[in-house]
Amino acid sequence: MGSAFFWGAVSGIAVLLGAVISMIVDIPKKILGFIMAFGVGILIGAATFELLQDALEKSHFINTVIGFIAGALTFTILEALISHHGGKHRKRSNQHELNQEDLPEQQQKQSDGDGSSGLGIFIGTVMDAIPESMMLGMSLIGGKGVSMLLLIAIFISNIPEGLSSTTGMLKSGQSKMKIITLFGVVTLVAALSALFGYVFLDHASLGIISMLSSFAAGGIITMIGSTMMPEAYEDGGGLVGLMTAFGVITSVLLDQLG
């Protein structure tokens, strides 16, 4: 149990690390876009090789399909709710300006300093962390070591999320101490989610584990398409496709070495 909590915290602390870096270093947007795109590639590989492939091996094909579609639909619905509360551009460094553009002119002044966008960013970041961390905990079931591919994929993708989200939250008027506290909570949630995935699913049937794995894969892939790739392209330009490809082939190498 301790290992699950620890590795969950390691994956989650990357968001906090990104937040701290954002506060002390001015990273060019293009570099941020490249990092995000590379993380996208690794996450795509992890969702495919670790989650979907594992789901297919443990249960019937139809369970994998149902779980994947359910995960994609669930994330889409939650994303719509979070977007309504200011978290639409949580992975974007110019988040505040984009939020203002989304609002009618008469509402823009009311939105300044009300903290709603900061809360939306926080809730969205938590939502992103839960399925990833649960799968990390599940990878330890049966006495196996942690899935290094999944761990590296989550860690690398979380750093630019912390970087972009922090910049956006600072621009929307959140204090540095509040941001550190919120992302500290995200780290704790990630650790607890990994612990939950390990403890409560240790004796679950292969069918349930298969559906949960594919459910997480569906959520992660949907999250990549709706939040990470738009941010990566906006910041990094046309070369983000190449960086994404590098990320995918890196995930293949990590899977083979694992």
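Rules behind the numbers
- Residues numbered from 1 in each chain as written.
- Predicted model: local features only at pLDDT ≥ 70, side-chain atom pairs only at ≥ 80, totals over all residues.
- Heavy atoms only, no water.
- Axes fitted to C-alpha atoms, helices over the stretch in contact; angles between N-to-C directions.
- Helix = DSSP H or I, 4+ residues; strand = E, 2+ residues; numbered from the N terminus.
- Parallel < 35°, antiparallel > 145°, perpendicular 65-115°, else oblique.
- Left-handed = near helix turned anticlockwise from the far one by under 90°.
- 1 Å grid on protein atoms, 1.4 Å probe; cavity = no way out; pocket = protein on both sides within 12 Å on 5 of 7 lines; lining within 4 Å.
- Points joined across faces, edges and corners; volume = space filled by probe spheres on them.
- Contact = heavy atoms within 4.5 Å.
- Nonpolar A, V, L, I, M, F, W, Y, C, P; charged D, E, K, R; others polar.
- Core = buried A, V, L, I, M, F, W, Y, C linked by side-chain atoms within 4.5 Å.
- Buried < 20%, exposed > 50% of the residue type's maximum accessible area, 1.4 Å probe, protein only.
- Salt bridge = Lys/Arg side-chain N within 4 Å of Asp/Glu carboxyl O.
- Polar contact = N/O pair within 3.5 Å; in protein donor to acceptor, adjacent residues only side chain to side chain.

## Focus: the packing of helix α2 (residues 29-58) against helix α9 (residues 206-236)
At their nearest, the axes of α2 and α9 sit 8 Å apart, and the two run at 165° to each other. By the angle between their axes, α2 is roughly antiparallel relative to α9. As for the relative orientation of α2 and α9, their crossing is left-handed in sense.

## Focus: the layout of surface pockets
Volume-wise, the largest pocket comes out at about 520 Å³. Forming the walls of the largest pocket are 22 residues, and the residues nearest its centre are Glu50, Asp54, Ser139, Lys144 and Ser147. Counting residues per element, the ones that place at least two in the lining of the largest pocket are α2, α6 (116-138), α7 (148-171), α9 and α10 (240-257). For the lining of the largest pocket, the element with the highest residue contribution is α2, accounting for seven residues.

## Concerning the packing of α2 against α10
At their nearest, the axes of α2 and α10 sit 7 Å apart, and the two run at 40° to each other. What the angle tells us is that α2 and α10 run oblique. Where α2 crosses over α10, the handedness of that crossing is right-handed. In this structure, α2 uses Gly33, Phe34, Ala37, Phe38, Val40, Gly41, Ile42, Ile44, Gly45, Ala46, Phe49 and Glu50 to contact α10, whose residues at the interface are Val240, Met243, Thr244, Phe246, Gly247, Val248, Thr250, Ser251, Val252 and Asp255. Partitioning the contact of α2 with α10 into residue classes produces 13 nonpolar, seven polar and two charged.

## Quick word on the nonpolar core
Within the largest apolar cluster, 36 residues are counted, with the highest numbers of intra-cluster contacts made by Leu43, Leu51, Met135, Met138, Leu150, Ile224 and Met228. Looking at this core, the elements with two or more residues in it are α2, α3 (61-87), α6, α7 and α9. It is α2 that contributes the most residues to this core, nine residues altogether. Setting aside residues no more than four positions away along its own chain, Met135 makes contact with Leu51, Leu150, Leu212, Ser213 and Ala216. Val15, Phe122, Leu182 and Val186 belong to the second-largest nonpolar core, a separate cluster that totals eleven residues.

## Concerning the pattern of salt bridges
On inspection of all chains with the given rule, the structure shows two salt bridges. For the salt bridge of Lys58 with Asp54, the shortest nitrogen-to-oxygen distance reads 3.1 Å. You can see Lys58 and its partner Asp54 sitting in helix α2, four residues apart, about one turn around the helix.

## Concerning the side chain of Ser193
Relative to the assigned elements, Ser193 resides in helix α8 (residues 176-199). Judged by its relative accessible area of 8%, Ser193 falls in the buried class. A polar side-chain atom of Ser193 sits 2.8 Å from the main-chain carbonyl oxygen of Val189. Here Ser193 is in contact with Ile130, Ser133 and Met134, once residues within four sequence places are set aside.

## Looking at the environment of Ile156
Mapped onto the fold, Ile156 is located in helix α7. Spatially, the C-alpha atom of Ile156 lies 9.4 Å from that of Val15, the residues being 141 residues apart in sequence. Among all residues touching Ile156, those that are not within four sequence positions of it are Phe38, Gly39 and Ile42.

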